[in-house]
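Fold and geometry: a report
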Amino acid sequence: MSPGDYGTKAVPSYIAAEAETTPLPKITVPVAAPPASSSKGLGDLPMRVVYRAIAIAAGVVVLGAGATVVLLNRDDSATAAPRNSAAAAPSVISDSSASSAGVAPAAGAVATPGLSPLSSPLSNAEASTTPGADSTDGADGGDSADGGDGVDTADADVALAAALKDPRVPALPKKTHRLRSLPGRSASTHGLIKDRRSGVALPRFATSWALAKPAPFASRQLLPKVKGASYRGMLVSCPVPIPEQKSLRDTAFLAARWTLNHHPSGSTITWTASQPIKAGEQKGWLLGYTVHYTLKGKKRVSAAALALVDVPEKKPAVVFVTIPDSQKKRWHDINKVMSSVKVL
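Residues numbered from 1 in each chain as written. Predicted model: local features only at pLDDT ≥ 70, side-chain atom pairs only at ≥ 80, totals over all residues. Heavy atoms only, no water.

The N-to-C vectors of helix H5 (residues 153-164) and helix H6 (residues 248-258) enclose an angle of 60°; their axes lie 10 Å apart at closest approach. With respect to H6, the axis of H5 lies oblique. Regarding H5 and H6, the two cross each other, and that crossing is left-handed. Residues Ala 159, Leu 160, Ala 162, Ala 163 and Leu 164 of H5 touch H6, and the partners they reach there are Asp 250, Phe 253, Leu 254 and Arg 257. For the contact of H5 with H6, a count of residues per class yields seven nonpolar, no polar and two charged. (Axes fitted to C-alpha atoms, helices over the stretch in contact; angles between N-to-C directions. Helix = DSSP H or I, 4+ residues; strand = E, 2+ residues; numbered from the N terminus. Parallel < 35°, antiparallel > 145°, perpendicular 65-115°, else oblique. Left-handed = near helix turned anticlockwise from the far one by under 90°. Contact = heavy atoms within 4.5 Å. Nonpolar A, V, L, I, M, F, W, Y, C, P; charged D, E, K, R; others polar.)

Below you can see the structure in the form of structure tokens.
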């Protein structure tokens with residue numbers, strides 16, 4: 001056995017340690033490839049994705065166009081609404097028509113001594129064709145209440161037309177009818193009340209009547225209250241409170257209608273007098289009338305009269321007196337008042 005040839009015998013450990021070693025193979029760690037980019041070009045996308053995107057975009061465009069059309073149509077309808085509102089609005093009823101429609105027809109005259117109604121008043125139908133401006137016997141009725149200045153023709157015409165349609169107030173008679181002497185004796189007087197605001201003077205009664213707070217008038221006197229009666233006699237003066245007409249007669253007519261505001265609700269008028277008057281050098285018009293109304297289910301009346309007087313450089317003045325039948329002992333005071341009105 002040659003040296004170093006040990007056959008199948010075990011090799012000593014010191015010899016194995018000196019044996020030639022085989023070098024270990026070099027281990028190489030592979031480097032990870034960089035991640036693929038998440039964004040792809042249009043050419044990299046599948047065609048079904050491209051078609052789907054195109055369809056969505058087209059749908060958005062169509063919806064946007066539809067919304068624009070709706071908004072434009074809405075604006076057009078809103079703009080057109082004011083132009084069509086006049087056609088759709090209900091017809092308007094005038095104040096005069098409404099008041100006339102809601103008023104009870106005029107009551108017949110009550111047979112009371114000294115208050116007999118005039119025998120031939122014009123009907124409302126005749127009044128509409130025969131204006132109230134027609135003068136009575138040509139006396140003063142055609143004279144302008146202010147010389148033709150300061151009369152608002154439009155307002156005057158409207159006011160007169162409304163009064164002629166009012167069933168509470170019949171049109172004035174064409175002919176002159178003088179104020180009759182009313183029953184009773186007039187109360188004693190103590191000088192005159194000088195109403196400088198209206199430009200007239202009227203009797204100041206010393207008995208029965210008492211001075212009262214004038215507002216809303218310029219002067220006022222009252223009879224005492226009667227037990228169980230809600231209305232009492234009243235004597236007032238003030239500048240004419242209604243649109244002035246071209247003639248004193250028409251202005252007095254409207255003023256008499258206005259006095260119904262100071263009588264019980266539902267009152268109506270029948271005329272007892274219509275005549276021109278003189279207050280010193282100034283012209284005027286006098287109306288006498290009976291006011292008919294119902295209180296607590298009973299028909300009652302008041303005797304009334306109104307003097308309308310032309311006042312220089314002022315509106316015409318009204319002197320108005322009304323006395324209910326519960327105080328008819330004082331009815332003759334009406335004659336006293338109407339015969340004593342003067343211009344200051």
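Bringing the packing of aromatic side chains into the picture now. With the rule as written, the count across this model stands at five aromatic pairs. The interplanar angle of 20° and the centroid separation of 5.5 Å between the aromatic rings of Phe 205 and Trp 209 together place this pair among those described as stacked. There is no split in this pair, since Phe 205 and Trp 209 are both buried. Between the aromatic rings of Phe 253 and Trp 271, the centroid separation amounts to 6.2 Å while the plane-to-plane angle is 45°, which identifies the pairing as tilted. Taken together, the positions of Phe 253 in helix H6 and Trp 271 in strand S6 (residues 268-279) put the pair 18 residues apart, joining distant regions of the chain. Judged by its relative accessible area of 2%, Phe 253 falls in the buried class. For Trp 271, a relative accessible area of 2% translates into the label buried. (Phe/Tyr/Trp six-rings, centres within 6.5 Å; stacked < 30°, edge-to-face > 60°. Buried < 20%, exposed > 50% of the residue type's maximum accessible area, 1.4 Å probe, protein only.)

The peptide bond linking Ala 215 to Pro 216 adopts the cis configuration, its omega dihedral lying at 10°. By secondary structure assignment, the location of Pro 216 is in the loop between strand S3 (210-211) and strand S4 (219-222). Even without a glycine there, the phi angle at Ser 208 is positive, about 70°. Considering the arrangement of structural elements, one finds Ser 208 in the loop between strand S2 (200-205) and S3.

Moving on: the pairing of S6. The side chains of a regular strand alternate, residue by residue, between the two faces of the sheet. Among the 12 residues in S6, 11 count as buried, and that is most of the element. Where S6 and strand S7 (residues 282-295) come together, 11 bridges link them in antiparallel fashion. Opposite Thr 268, over in S7, you have His 292 as the bridge partner. (Pairing = 2+ DSSP bridges.)

The next point concerns the sheet that holds S6. Spatial ordering of the open sheet is given by S3-S4-S5-S9-S8-S7-S6, a layout of seven strands whose pairing is antiparallel. Each edge of the sheet is formed by a strand with only one pairing partner; in this case those strands are S3 and S6. Where H6 meets the sheet, it contacts strand S5 (234-239), S6, S7, strand S8 (298-309) and strand S9 (317-324), and its direction lies at approximately 25° from that of S7.

This paragraph deals with the nonpolar core. Of all hydrophobic cores here, the largest spans 34 residues; its most connected members are Phe 253, Trp 271, Leu 287, Tyr 289 and Val 318. Looking at this core, the elements with two or more residues in it are H5, S5, H6, S6, S7, S8 and S9. The greatest single-element share of this core, amounting to seven residues, is contributed by H6. Contact partners of Val 318, with chain neighbours within four places excluded, come to Val 236, Ser 237, Cys 238, Val 240, Pro 241, Ala 255, Leu 306, Ala 307 and Leu 308. Grouped together as the second largest cluster of nonpolar side chains are 28 residues, Ala 279, Leu 286, Val 319 and Val 337 included. (Core = buried A, V, L, I, M, F, W, Y, C linked by side-chain atoms within 4.5 Å.)

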